[in-house]
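A closer look at the structure
This is what each chain is made of:
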Amino acid sequence: PYQTVNLAADETHKQTLDVMRKRLREWTLTTRDLGLMHESTFHRLAGPKSPREIGLDTAAYPLDVIFDAADLAVRQATSTDELKPLLTHTDARVRYWGLQGVLTLTSRGNSADVAVIAPLLKDSDPANSALAGEIVGRYGTAEQRAQAVAKLLDIASEKDGDYFARLQALLALDFMDASPAELGTNVDAISTQAGKLPGRYAPYVERTIARLKSKSP
């Protein structure tokens, strides 16, 4: 009654689980859910339009492809090899889920193939570059970590860069426990302004910078 036992792996419930997963996919596609796209990406793609307008545009937002990529990345994949088609996909939103899939695999005890991820430090989508930076920084060599830190600081310091990519880069530095020595004085120059976004967003970057600066050397 307290729902403390996960029944998803119980074969006796497989049919019910399959039905629920099918319904979730159908509902997500019907409502054109924007939750499978990084905020940085949909704000950039929307431009003068609202994110909702982009969501309703099936050509601009191939949700079925993105949903299936997310499902493979966080539920089905058991190795980086299975994620390679996502990591090299032409759509940045699919590549994003490939990167999330790598992090999911590491959380399950798998090793990260940094050689496969490193090229995505130069991804055209800064949110993807930041996510790749986190993976390379956490699981790469000391030299690769230094390259990742430099890339993340570049994204976070970009004066004309979007707020959410900046935040993603700072969170990546936080998750990889970047030290004050690695950050240097660069972090002091990072803008905390949220631009035209609602005021509730304003504290996020500022708080993350404060947390980074509070880490022990």
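In the block above lies the structure referred to throughout.
Now for a quick tour of the structure.

**Description of the environment of Asp 81**
Along the chain, the position of Asp 81 falls in helix H5 (residues 80–87). Exposure remark for Asp 81: the relative accessible area of 53% places this residue in the exposed category. Taking the C-alpha atoms as reference points, Asp 81 and Leu 7, separated by 74 residues in sequence, lie 28 Å from one another. Among the polar contacts made by the side chain of Asp 81, one reaches the side chain of Lys 84 at a distance of 3.1 Å.

**Remarks on the layout of surface pockets**
As a volume, the largest pocket reaches approximately 350 Å³. Looking at the largest pocket, it is lined by 21 residues, and the ones nearest its centre are Asp 162, Tyr 163, Ala 194, Lys 196 and Leu 197. The biggest single contributor to the lining of the largest pocket is helix H2 (residues 39–46), with 4 residues. In terms of residue class, the lining of the largest pocket is built from 6 nonpolar, 8 polar and 7 charged. Approximately 190 Å³ is the volume attributed to the second largest pocket.

**Some points on the packing of helix H6 (residues 92–107) against helix H8 (residues 126–139)**
Look at H6 against H8: their axes get within 9 Å of each other, and the N-to-C directions meet at 25°. One finds that H6 runs roughly parallel with respect to H8. Note on packing geometry: the crossing formed by H6 with H8 is left-handed. Contacts from Ala 92, Arg 95, Tyr 96, Leu 99, Gln 100, Val 102, Leu 103 and Thr 106 in H6 reach Asn 128, Leu 131, Ala 132, Glu 134, Ile 135, Arg 138 and Tyr 139 in H8. Its residues placed into classes, the contact of H6 with H8 shows 9 nonpolar, 3 polar and 3 charged.

**Structural notes on the nonpolar core**
The biggest cluster of nonpolar side chains holds 34 residues, and the ones touching the most others in it are Leu 36, Leu 83, Trp 97, Leu 99 and Ile 117. Of all the secondary structure elements, the ones that give two or more residues to this core are H2, helix H4 (63–76), H5, H6, helix H7 (114–117) and H8. Considering each element in turn, this core owes the most residues, 7 residues, to H6. Not counting chain neighbours up to four residues away, the residues in contact with Leu 83 comprise Ala 73, Ala 77, Gly 98, Gly 101, Val 102 and Leu 105.

**Some remarks on the packing of aromatic side chains**
Tallied over the entire structure, the rule returns 2 aromatic pairs. Measuring from ring centre to ring centre gives 5.3 Å for Tyr 96 and Trp 97, while their planes differ by 80°; the resulting arrangement is edge-to-face. Like Tyr 96, the residue Trp 97 is buried in the burial classification. Seen in terms of ring centroids, Tyr 163 and Phe 164 are 5.9 Å apart; in terms of plane orientation they differ by 90°. Their pairing is edge-to-face. Neither residue differs from the other here; Tyr 163 and Phe 164 are each classed as buried.

**Comments concerning the pattern of salt bridges**
On inspection of all chains with the given rule, the structure shows 11 salt bridges. With its nearest N and O atoms 2.5 Å apart, the salt bridge here joins Asp 123 to Arg 95. On the criterion of sequence distance, the pair formed by Asp 123 in the loop between H7 and H8 and Arg 95 in helix H6 is long-range, its members being 28 residues apart. With relative accessibility at 9%, the residue Arg 95 sits in the buried group. The partner of Arg 145 in a salt bridge is Glu 182, and the shortest N-O contact between them spans 2.6 Å. In this pair, Arg 145 is assigned in helix H9 (residues 142–157) and Glu 182 in helix H11 (residues 180–183), connecting sequence segments 37 residues apart. In this structure Glu 182 comes out as partly exposed when scored by relative accessible area, which is 29%.

What counts as what
- Each chain carries its own residue numbering, running from 1 in the direction its sequence is written.
- Where local features are concerned, this predicted model is filtered to residues with pLDDT of at least 70; where side-chain atom pairs are given and counted, the filter is 80 or more; whole-chain, interface and lining totals use all residues.
- The side-chain values count all of the structure's non-hydrogen atoms but skip hydrogen atoms and water molecules.
- Going along the chain from the N terminus, every DSSP run of H or I of four or more residues is numbered as a helix, and every run of E of two or more is numbered as a strand.
- Only protein chains enter the accessibility calculation, which uses a 1.4 Å probe; a residue is then buried when its area is under 20% of its type maximum, exposed when over 50%, and partly exposed in between.
- Polar contact is the term for a pair of N or O atoms within 3.5 Å; when the atoms are in protein, one must be able to donate a hydrogen and the other to accept it, and sequence-neighboring residues count only if both atoms are side-chain atoms.
- Cavity means a closed set of points on a 1 Å grid over the protein atoms alone, one where a 1.4 Å probe fits but cannot get out, pocket means an open set with protein on both sides within 12 Å along at least 5 of 7 lines, and lining means a residue has an atom within 4 Å of a point.
- Grid points are joined across faces, edges and corners, and a volume is the space filled by probe spheres set on the points.
- All residues other than Ala, Val, Leu, Ile, Met, Phe, Trp, Tyr, Cys, Pro, Asp, Glu, Lys and Arg, Gly among them, are scored as polar; the first ten of these are nonpolar and the last four charged.
- Between the N-to-C directions of two axes lies an angle of 0 to 180 degrees, each axis being a line fitted to C-alpha atoms and, for a helix, fitted only over the stretch in contact.
- For classification purposes, an angle smaller than 35 degrees is called roughly parallel, one larger than 145 roughly antiparallel, one from 65 to 115 roughly perpendicular, and anything else oblique.
- What makes a crossing left-handed is the near helix being turned counterclockwise from the far one by less than a right angle; a clockwise turn instead makes it right-handed.
- Should any heavy atoms of two residues lie within 4.5 Å, those residues are counted as being in contact.
- Here the nonpolar core consists of buried residues drawn from Ala, Val, Leu, Ile, Met, Phe, Trp, Tyr and Cys, with membership extended through side-chain atoms lying within 4.5 Å.
- Whether two aromatic rings pair depends on their centres lying within 6.5 Å, for rings of Phe, Tyr and Trp, where Trp uses its six-membered ring; planes under 30 degrees apart make the pair stacked, over 60 edge-to-face, and the rest tilted.
- Salt bridge, as applied in this entry: a Lys or Arg side-chain nitrogen positioned within 4 Å of an Asp or Glu carboxyl oxygen.

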